[in-house]
Amino acid sequence: MSNTTSTDIDPGLLAGNRRALAGYRATHFRWEVHGAVAIITLNRPERKNPLTFESYAELRDLFRALKYADDIHAVVLAGAGNNFCSGGDVHEIIGPLVRLAAPELLMFTRMTGDLVGAMRACPQPIVAALDGVCAGAGAILAMASDLRLGTARSKTAFLFNRVGLAGCDMGACAILPRLIGQGRASELLYTGRTLGGEEGERWGWLNRLVAPEALLAEAQALAAQLCEGPTFANGITKTMLHQEWAMTVDQAIEAEAQAQALCMLTHDFRRAYEAFAAKQRPVFQGN
């Protein structure tokens, strides 16, 4: 949030750079908005919520659009039923892929990578609610989120080598080691083994474990808590967490100096100071 109000900004600039998404109507998953929290629910529970070509593309486009949404401040990503996501649909994705030539295969792999890029580029923090199966591309969606809540029965597996593919899929070799360490990431990507919920929490994959019946509510509560914070500054934090991977320490210090100076221009910063000052103001009583 800047110091200028919407009435001070040229309508043409607003029209091209700010939009409301609360009324968005999803085609290939569920989309709900509660306050400033959007909930994306992968909704094919009978198949453990697999992804299709269409859902990949719609998710990519939606996360790109979230970059310009001024009414959504945090996102929850969940799966219907008792599972998060089983990855790419075997019949609707894997089957067709074996018949494609290289240019079309590259079109597909770039599309899936673009989804991760869009998730990392959108300023809203993403909270993944992981229950049951979280496999293949589903594990990647969880990895691309900012925070992960899970259950003891959650099962995460980066299954790519089990189907004859490399573990370097959709940014996994860049992002996963930064979350859980190089050695642990290597084990998961080389073996494709399942990471249980309790082990995942110990490894730092999950921020915390939650009872299955409370998982979605806890994820919504965490997202709502993030919404109560400084929206612009949270977006800057997410941007810097991502961009500083490729910076030296000196470059990061300078980039953070510039980012923090921008945050100091916001209403959120001024309001926080005024609230603090009001609490610290001494109370004088007459004689």
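Residues numbered from 1 in each chain as written. Predicted model: local features only at pLDDT ≥ 70, side-chain atom pairs only at ≥ 80, totals over all residues. Heavy atoms only, no water.

Novice: Break down the overall build of the protein for me, citing the residues and quoting the values.
Specialist: When helices and strands are tallied, the protein shows 12 helices and 9 strands. Here the protein has a C-alpha radius of gyration of 21 Å; the compact-globule value for 287 residues is 19 Å, and the two agree. Seen through its principal axes, the protein has C-alpha atoms that stretch 85 × 45 × 40 Å. Here the protein holds 287 residues, and the buried ones make up 41% of them. Put simply, 72% of the contacts in the protein that link residues at least 6 apart link residues at least 24 apart. Across the protein, the 27 positively charged side chains and the 29 negatively charged ones have centroids separated by 3 Å. (Helix = DSSP H or I, 4+ residues; strand = E, 2+ residues; numbered from the N terminus. Rg over C-alpha atoms; globule rule 2.2 N^0.38 Å. Buried < 20%, exposed > 50% of the residue type's maximum accessible area, 1.4 Å probe, protein only. Contact = heavy atoms within 4.5 Å. Lys, Arg positive; Asp, Glu negative; His and termini not counted. Charge placed at Lys NZ, Arg CZ, Asp CG, Glu CD.)

Novice: So what's going on with helix α3 (residues 90–97)? Which residues, and what values?
Specialist: Within the sequence span of α3, burial applies to Ile93, Pro96 and Leu97. All buried residues of α3 lie within an arc of 100 degrees about the axis, which places them on one face of the element. Along α3, exposed side chains directed more than 90 degrees from the buried face belong to Val90 and His91. Buried residues along α3 sit against α2 (53–66) and α4 (102–121). Of the residues that open α3, the one with a side-chain oxygen 2.9 Å from the backbone nitrogen of His91 is Asp89. (Arc of directions from axis to C-beta. Polar contact = N/O pair within 3.5 Å; in protein donor to acceptor, adjacent residues only side chain to side chain.)

Novice: An account of a nonpolar patch on the surface is needed here, citing residue identities and associated values.
Specialist: A cluster of nonpolar residues, Phe232, Leu262 and Leu265, forms a patch on the protein surface that exposes about 270 Å² of accessible area. Along the chain, the position of Phe232 falls in helix α10 (residues 231–243). Residue Phe232 is classed as partly exposed on the basis of its relative accessible area, which comes to 31%. (Patch = residues over 30% accessible without salt bridge, like charges linked within 9 Å, V, L, I, M, F, W, Y side chains within 5 Å. Areas by Shrake-Rupley, 256 points an atom, 1.4 Å probe, with all protein chains shown as cover. Salt bridge = Lys/Arg side-chain N within 4 Å of Asp/Glu carboxyl O.)

Novice: Can you break down the sheet that holds strand β8 (residues 195–196) residue by residue, with the values?
Specialist: Reading across the sheet, the 3 strands line up as β5-β7-β8 and stay open at both edges, with mixed pairing between neighbours. Of all the strands in the sheet, the pair left with one neighbour each is β5 (133–135) and β8. Of the pairings in the sheet, the one linking strand β7 (residues 155–157) to β8 comprises 2 bridges and is antiparallel in character. Note on β8: the bridge partner recorded for Thr156 is Leu195. Helix α5 (residues 137–144) rests against β5 and β7 of the sheet, and its axis sits at about 90 degrees to β5. (Pairing = 2+ DSSP bridges. Axes fitted to C-alpha atoms, helices over the stretch in contact; angles between N-to-C directions.)

Novice: Pulling in residues and values, what's your account of the environment of Ala142?
Specialist: Tracing the chain through its elements places Ala142 in helix α5. Placed 66 residues apart in sequence, Ala142 and Arg208 show a C-alpha to C-alpha distance of 14 Å. When residues no more than four places from it in sequence are discounted, the contact partners of Ala142 are Phe84, Ala128, Leu130, Cys134, Arg148 and Trp205.

Novice: Describe the side chain of Thr156, with residues and values.
Specialist: Locating Thr156 in the fold gives a position in strand β7. For Thr156, the side chain forms a polar contact with the side chain of Trp205, separated by 3.2 Å. In contact with Thr156, other than residues within four places in its own chain, are Cys134, Ala139, Arg193, Thr194, Leu195 and Trp205.

Novice: Describe unusual backbone geometry, with residues and values.
Specialist: The general pattern is negative phi for most residues beyond glycine and trans for most peptide bonds. Its identity is not glycine, yet Lys48 carries a phi of approximately 65 degrees, on the positive side. If you trace the backbone, Lys48 turns up in the loop between β2 (37–42) and α2. On the basis of relative accessibility, which here comes to 40%, the residue Lys48 falls in the partly exposed class.

Novice: Residue-level account of the pairing of strand β3 (residues 74–79), with values.
Specialist: Working note: regular strand, side chains alternate between the two faces of the sheet. Across the 6 residues of β3, 6 count as buried, placing the element largely inside the fold. Side chains Ala74, Val76 and Ala78 project from β3 onto one buried face, and the interleaved Val75, Leu77 and Gly79 project onto a second face that is buried too. With 6 bridges joining them, β2 and β3 adopt parallel strand pairing. For Thr41, the partnering residue across the bridge sits in β3 and is Ala78. For the segment spanning β2, α2 and β3, crossover handedness is right-handed. Strand direction decides the pairing type here: β3 and strand β4 (residues 126–130), joined by 3 bridges, are parallel. Bridging from a neighbouring strand, Val75 pairs with Ile126 of β4. (Right-handed = clockwise from strand over helix to strand, strands pointing away.)

Novice: Explain the pattern of salt bridges to me, using residue names and the numbers behind them.
Specialist: Per the counting criterion, the structure on display carries 13 salt bridges. The residue Arg44 makes a salt bridge to Asp89 at a minimum N-O spacing of 3.3 Å. Of this pair, Arg44 sits in the loop between β2 and α2 while Asp89 is found in the loop between β3 and α3, placing the two residues 45 residues apart along the sequence. Just as Arg44 is buried, Asp89 falls in that class too.

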